Amino acid sequence: MKSRWSLLYAAIATTLLLTACGTSTDKEPESTNGSADVVENVDKEPVTEGKEPDTEVDEVDEVQEDIMKNADLKESDEQSYAISVLPDFSLSSEEPGKDSLISADNEAVFMRIETVAKEDGTYDYLAENMIAVLEASGDGSAPIEVLDEKSIPTAEGIENAKVLAIKAETASITGIIFERDNMVVKLTIYDSPKEEYFEQFLRMAETIVPK
């Protein structure tokens, strides 16, 4: 009788052991799958999503002072052109074919203005003459061509603009030549060594038009 109960207890214990093992085996894959899912999500996470590019954008000041807003239109007495002149400058005729735009602050600072009707060879002749004037005004060295667009007249209607410059002991001298409509304009600017008036002369030069 005792042997029969012993066998029954052994069978029950074996069943319980197998059941416990089966339960553990079933849960193992679930734990493994859960770990794989977490790793996969980390790998695919869009780390850079929504991040702004780290670049610098230059700010451009669109509001610039118009230095010509107070200029008055004046006509040459001796030549066939008109020019807008700033309040601190005066236009006068030196001789037929040559005018001077003089600074009221410094009479040594001025721009000589010469205009000629556009014909074949006129531009080249005046360009060569401009070089000769610059060489004579400087220390004898050859003038340097100015390529900076900010120093070249670019107003509408101006064509074939060329700028040459040379340094003298007490002045900075700039020659400008360009074509507009039916005339060739030749300018010689005698500025201070620091070129304090160049911007104003350039802006006024851009307003020269046939009258």
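Data block above holds the structure.
Cut-offs used in this document
Along each chain, residue indices are assigned from 1 in the same order as the chain's sequence is written. Restriction of local features to residues with pLDDT of at least 70 applies here, the model being predicted, together with a cutoff of 80 or more for giving and counting side-chain atom pairs; totals for whole chains, interfaces and linings are based on all residues. To obtain the side-chain values, all non-hydrogen atoms of the structure were used and water was disregarded. Here, a strand pair is defined by DSSP locating no fewer than two bridges between the strands. For helices the rule is a DSSP run of H or I covering at least 4 residues; for strands it is a run of E covering at least 2, with both sets numbered from the N terminus onward. For this document, the term salt bridge refers to a Lys or Arg side-chain nitrogen within 4 Å of an Asp or Glu carboxyl oxygen. Summary of the burial criterion: residues with accessible area below 20% of their type's maximum are buried, those above 50% are exposed, and those between are partly exposed, where the area comes from a 1.4 Å probe applied to protein chains only. Think of it as the arc spanned by the lines of direction from the helix axis to the C-beta atoms. Contacts described as polar in this section are N or O atom pairs within 3.5 Å, which, within protein, must combine one atom able to donate a hydrogen with one able to accept it, while residues neighboring in sequence count only if both atoms come from side chains. By the convention used here, residues are in contact when the closest approach between their heavy atoms is within 4.5 Å. Expected span of a helix: the number of residues minus one, times 1.5 Å. Definition used in this section: a nonpolar core is a set of buried Ala, Val, Leu, Ile, Met, Phe, Trp, Tyr and Cys residues joined via side-chain atoms within 4.5 Å. Axis definition: a line fit to C-alpha positions, over the contact stretch in the case of helices; interaxial angles, taken between N-to-C directions, run 0 to 180 degrees.

K.L.:
How should I be thinking about the pairing of strand 4 (residues 98-103) in this particular structure?
P.N.:
Across a regular strand the side chains alternate sides, sitting on one face of the sheet and then on the other. Pairing of strand 3 (residues 89-95) with strand 4, which is carried by 6 bridges, proceeds in the antiparallel orientation. The partner of Glu95 across the bridge, within strand 4, is Lys98. As defined by bridge partners, strand 4 adjoins strand 5 (residues 110-117) across 4 bridges and the pair is classed as antiparallel. By the bridge assignment, Leu101 is partnered in strand 5 with Met111. The antiparallel pairing of strand 4 with strand 5 creates a hairpin that spans 6 residues between the two strands.

K.L.:
How should the pattern of salt bridges be read in this particular structure?
P.N.:
Oppositely charged side chains can form a pair if their charged atoms are brought close together. With the rule as written, the count across this model stands at 5 salt bridges. A salt bridge links Glu195 to Lys167; its shortest N-O distance comes to 3.4 Å. With Glu195 in the loop between strand 9 (183-191) and helix 3 (198-205) and Lys167 in strand 7 (residues 158-167), this pair connects stretches of sequence that are 28 residues apart. When its relative accessible area of 33% is taken as the criterion, Glu195 is described as partly exposed. Where salt bridges share partners, they join Glu199, Arg203 and Glu206 into one cluster.

K.L.:
Even after reading the chapter, I still don't get helix 3, so can you show me in this structure?
P.N.:
Owing to its 3.6 residues per turn, the α-helix brings residues three or four apart onto one side. All of the buried residues along helix 3 are Phe198, Phe201, Leu202, Met204 and Ala205. For helix 3, the angular spread of buried residues about the axis comes to 165 degrees, placing them on one side.

K.L.:
Sorry, what's going on with the side chain of Glu206 here?
P.N.:
Mapped onto the fold, Glu206 is located in the loop between helix 3 and strand 10 (209-210). The class of Glu206 is buried, set by a relative accessible area of 12%. A distance of 2.9 Å separates a polar atom in the side chain of Glu206 from the backbone nitrogen of Thr154. The residues touching Glu206, leaving out its near neighbours within four places in the chain, are Ile152, Pro153, Thr154, Ala155, Ile158 and Arg180.

K.L.:
Got a minute to help me understand helix 2 (residues 122-137) in this structure?
P.N.:
Helix length check: helix 2 (16 residues) gives 22 Å between terminal C-alpha atoms against 22 Å at 1.5 Å per residue, within 8%. Those residues of helix 2 not exposed but buried are Thr122, Tyr123, Leu126, Ala127, Met130 and Leu134. Looking down the long axis of helix 2, one finds its buried residues gathered within 125 degrees of arc, a one-sided arrangement. Among the exposed residues of helix 2, those pointing more than 90 degrees away from its buried face are Tyr125, Glu128 and Ala136. Of the surrounding secondary structure, the elements contacted by the buried residues of helix 2 are strand 5, strand 7, strand 8 (172-180) and strand 9.

K.L.:
Looking at this structure, I do not really get the nonpolar core. What am I missing?
P.N.:
Within soluble globular proteins, side chains that are nonpolar tend to cluster in buried spots. Leu101, Leu187, Phe201 and Met204 are the most contacted members of the largest nonpolar core, which has 29 residues in total. Of all the elements in the fold, those that place two or more residues in this core are strand 2 (81-85), strand 5, strand 7, strand 8, strand 9 and helix 3. Per-element tally for this core: the top contributor is helix 3, with 5 residues. Formed by 13 residues, the second largest nonpolar core is a distinct cluster that contains Leu126, Ile166, Ala171 and Ile177.

K.L.:
Would you mind going over the sheet that holds strand 3 with me for this structure?
P.N.:
Paired through backbone hydrogen bonds, the strands of a sheet run either parallel or antiparallel to each other. The 7 strands are arranged 3-4-5-9-8-7-6 in an open sheet whose pairing can be described as antiparallel. Pairing within the sheet leaves two strands with one partner each, and these edge strands are strand 3 and strand 6 (144-145). Along the sheet face, helix 2 touches strand 5, strand 7, strand 8 and strand 9 and points at about 175 degrees away from the line of strand 8. This element, helix 3, spans strand 3, strand 4, strand 5, strand 8 and strand 9 of the sheet and lies at about 165 degrees to strand 9.

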